[in-house]
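Reading the structure
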Amino acid sequence: MEKFIQFLKSKSPLAFLVIGVTLILLSYFLEKKLPNIFMGMRLLAFVAVLYGLMKFFSKK
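Conventions adopted
Residues numbered from 1 in each chain as written. Predicted model: local features only at pLDDT ≥ 70, side-chain atom pairs only at ≥ 80, totals over all residues. Heavy atoms only, no water. Axes fitted to C-alpha atoms, helices over the stretch in contact; angles between N-to-C directions. Helix = DSSP H or I, 4+ residues; strand = E, 2+ residues; numbered from the N terminus. Parallel < 35°, antiparallel > 145°, perpendicular 65-115°, else oblique. Left-handed = near helix turned anticlockwise from the far one by under 90°. Contact = heavy atoms within 4.5 Å. Nonpolar A, V, L, I, M, F, W, Y, C, P; charged D, E, K, R; others polar. Phe/Tyr/Trp six-rings, centres within 6.5 Å; stacked < 30°, edge-to-face > 60°. Buried < 20%, exposed > 50% of the residue type's maximum accessible area, 1.4 Å probe, protein only.

**A short note on the packing of helix α2 (residues 13–27) against helix α3 (residues 35–59)**
The geometry of α2 relative to α3 is characterised by a closest axis approach of 8 Å and an angle of 160 degrees between their N-to-C directions. Accordingly, the angle class assigned to the pair α2 and α3 is roughly antiparallel. Crossing of α2 against α3: the hand is left-handed. Residues P13, F16, L17, G20, V21, L23, I24, L26 and S27 of α2 form the contact with α3, whose own contacting residues are F38, M41, R42, L44, A45, A48, V49, Y51, G52, L53, K55 and F56. Here the residues of the contact of α2 with α3 are counted per class, giving 16 nonpolar, three polar and two charged.

Spelled out as structure tokens, the structure:
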């Protein structure tokens, strides 16, 4: 758990935005075949983008 928290603290806000957008793009391929995984990926992407935006605006 400590490594995961360290990972979150060490990455830049831009990295989280890129991860979120990548998850959004990848989830479109799973939309019809695997709807549960699609929704999970969209939720993770939403959290990653929000965390990246909060981290970006809190630094300034």
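**Remarks on the packing of aromatic side chains**
Scanning the entire structure with this criterion turns up three aromatic pairs. Judged by centre distance (4.9 Å) and plane angle (85 degrees), the ring pair of F16 and Y51 falls under edge-to-face. Separated by 35 residues along the polypeptide, F16 in helix α2 and Y51 in helix α3 bring together distant segments of the chain. Looking at F16, the relative accessible area reads 5%, which means it is buried. For Y51, a relative accessible area of 30% translates into the label partly exposed. Judged by centre distance (5.2 Å) and plane angle (75 degrees), the ring pair of F56 and F57 falls under edge-to-face. The exposure class of F56 is partly exposed, given its relative accessible area of 34%. Classification of F57 by relative accessible area gives exposed; the value is 58%. Here the aromatic residues F7, F16 and Y51 are joined through ring pairs into a cluster of three or more.

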